[in-house]
Amino acid sequence: MLLWFGELISCIGGGLTSFGLGVYVFQKTGNASSMALVTLLGFLPTILLRIPAGVLADRYDRRLLMIIGDSCSALGVIYILICMARGEATLAEICIGVFISAVFSTLLEPAYQATITDLLTKEEYSKASGLVSIAGSSRYLFSPVIAGLLLSVADVKLLLIIDICTFFVTVTSAIVVKKSIHITKKVEKKESFLSSVKDGWHALTARKGILTLVLVSTAITLFMGMFQILAEPLVLSFADAKTLGIAETVCASGMLVSGVLLGIFGIKKSFVKILCVALAIAGLGMIGFGFFETIVPICLFGFLFFMALPFANNCLDYLVRTNTPEEAQGRVWGLIGFITQIGYIIAAALSGVAADALGSATGLGVGRGAGMMILMSGICLAVIALALYAVKKVRALEV
C-alpha cells in the first residue's frame, strides 16, 4: 500500500506535466503532429530500454531500481523548467527533457510490476491490479482538472515544479519499503545479458496463448494510443485548456469507478471473456468520442472508454502473472512492455501526421481529422476484441 501510494502521487505529478506540456505545445504550434512528437519521445525509451530494465529487475534489488528510476527521472522535468525560466522553451528542448525523464522511468516499470508479485499471493493479484489501475488513472482523473484550473491563473512552470516535488514522496515511500521488507533473490549462476533475455523469452513463450495475447495487445495498444494522443487536440480545437481539463477528469472517472470495484471485489473467473467484452466496450467508447464535436457526448463516451480499461488490464495482468514463473517476472514484464509499446510508438509516429493530413484534405481542420482517426481506431479495436475470444490458445490460459 505504501508503494501504491507513492505510485499514485507520482502519476498525479506526471499527469500535470503531461497535460501542461501538451497544451503548451499545441498553443505554440497549432498542430497535432508536434504533440504526437513529444509523446513519441516520451515512449521511445520504452522500446530501447525495457528489456534491459527487465533483466536488471531480476538481478538486483527491485526497490533500489525503483528509487533510482524515480529520482533520476526528475532530471528531465528540471531541464525543461530551466529552459522555460530563461524564456520560452523550444519544441526541441521539450523533447530532450521528456526523453531524459522517460529513460529513467523505463527502469522503474518492470521493477514495480515484479515487486507486486514479490509481495502478494496469487489470490491478491486481481485486487492489487484494481488498485494499480486507480493509481494509473489518476493522471487522467485528478491531474487534468488540477492542471486546467492552475493554468487559468498561472503558467506551465508551476505544474513542472509540483511534479518535481512529487518525486520526493515517491522515492521516500520506496526507501521505507526497501528498509522494511527484505527479499533474497536466489541466484544460482551469473548469466550473460543475452542469456538472461533468452531465458525470459522462453518463460514468455512457454504458453503459446501468452505470446498470442501479447501480440494482440500490441495492436490494441496501437488503437488506444491513437485515442489517447488525439483526444487533446480534438477537444482543444473547439474548447480551452480549462474545459479540456474538466472533460478529461469526467472521462477518467469511469476508470476510478471500475478500479474501485476491482480493488474491492476483484475478478474470480471468466478472465478471457471479460477481457474481450471490455475491449469491445472500449472500442465503442472511442467510436462515439470521435464522432461528436460537443463536450457532453464526448464526456459520456470517454467515460465509457475509461470504465472498460481497468477490466481489460486486470484480466491481462492476471493471465500473464499466473502463467509465468516468479523468478523471470522482471524479464517477462520487460519483454511484454517492449513488444506492446511498439504499438504506442507507431501511434505516436503516425496519429498526429494522419490527423493533420485528414483535417487539411477535408478542409474541416485538425480537430475533425483527429476525430476521424479516433473513430476508425475504435472500429478496429472492437473487431479485434470480438475475434480474440475465438482463439483457443488464449482461452486455455485460464485452465
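Above this text is the structure in question.
Residues numbered from 1 in each chain as written. Predicted model: local features only at pLDDT ≥ 70, side-chain atom pairs only at ≥ 80, totals over all residues. Heavy atoms only, no water.

Lay out the packing of aromatic side chains with the relevant residues and their values.
Counted according to the given criterion, the structure contains seven aromatic pairs. Consider the rings of Phe271 and Tyr318, whose centres lie 4.0 Å apart with planes at 5°: the pair is stacked. Of the two residues, Phe271 is situated in helix H11 (residues 271–291) and Tyr318 in helix H12 (residues 295–321); the sequence distance between them amounts to 47 residues. According to the relative accessible area criterion, Phe271 is buried, its value standing at 3%. Geometrically, the ring pair formed by Phe292 and Phe301 is stacked, given 5.9 Å between the ring centres and 20° between the ring planes. Among the aromatic side chains, those forming a connected cluster through ring pairs are Phe227, Phe289, Phe305 and Phe306. Between Arg395 and the ring centre of Tyr389, over which it is positioned, the NZ or CZ distance is 5.5 Å. (Phe/Tyr/Trp six-rings, centres within 6.5 Å; stacked < 30°, edge-to-face > 60°. Helix = DSSP H or I, 4+ residues; strand = E, 2+ residues; numbered from the N terminus. Buried < 20%, exposed > 50% of the residue type's maximum accessible area, 1.4 Å probe, protein only. Lys NZ or Arg CZ within 6 Å of the ring centre and 35° of its normal.)

Can you lay out the layout of surface pockets for me, pointing to particular residues and giving the numbers?
Empty space within the second largest pocket amounts to approximately 350 Å³. Going through the elements one at a time, helix H1 (2–29), helix H4 (91–119) and helix H5 (125–141) are the ones with two or more residues in the lining of the second largest pocket. Among the residues making up the lining of the second largest pocket, the classes are represented as 12 nonpolar, two polar and two charged. (1 Å grid on protein atoms, 1.4 Å probe; cavity = no way out; pocket = protein on both sides within 12 Å on 5 of 7 lines; lining within 4 Å. Points joined across faces, edges and corners; volume = space filled by probe spheres on them. Nonpolar A, V, L, I, M, F, W, Y, C, P; charged D, E, K, R; others polar.)

How would you explain empty space enclosed by the protein if you had to name every residue and give the values?
What the rule picks out here adds up to two cavities of 30 Å³ or more. Estimates place the volume of the second largest cavity at around 50 Å³. Every residue lining the second largest cavity is listed: Leu3, Gly6, Glu7, Met66, Asp70, Leu108, Tyr112, Thr170, Ser173 and Ala174. By residue class, the composition of the lining of the second largest cavity is five nonpolar, three polar and two charged.

None of this, on its own, says anything about what the molecule does.
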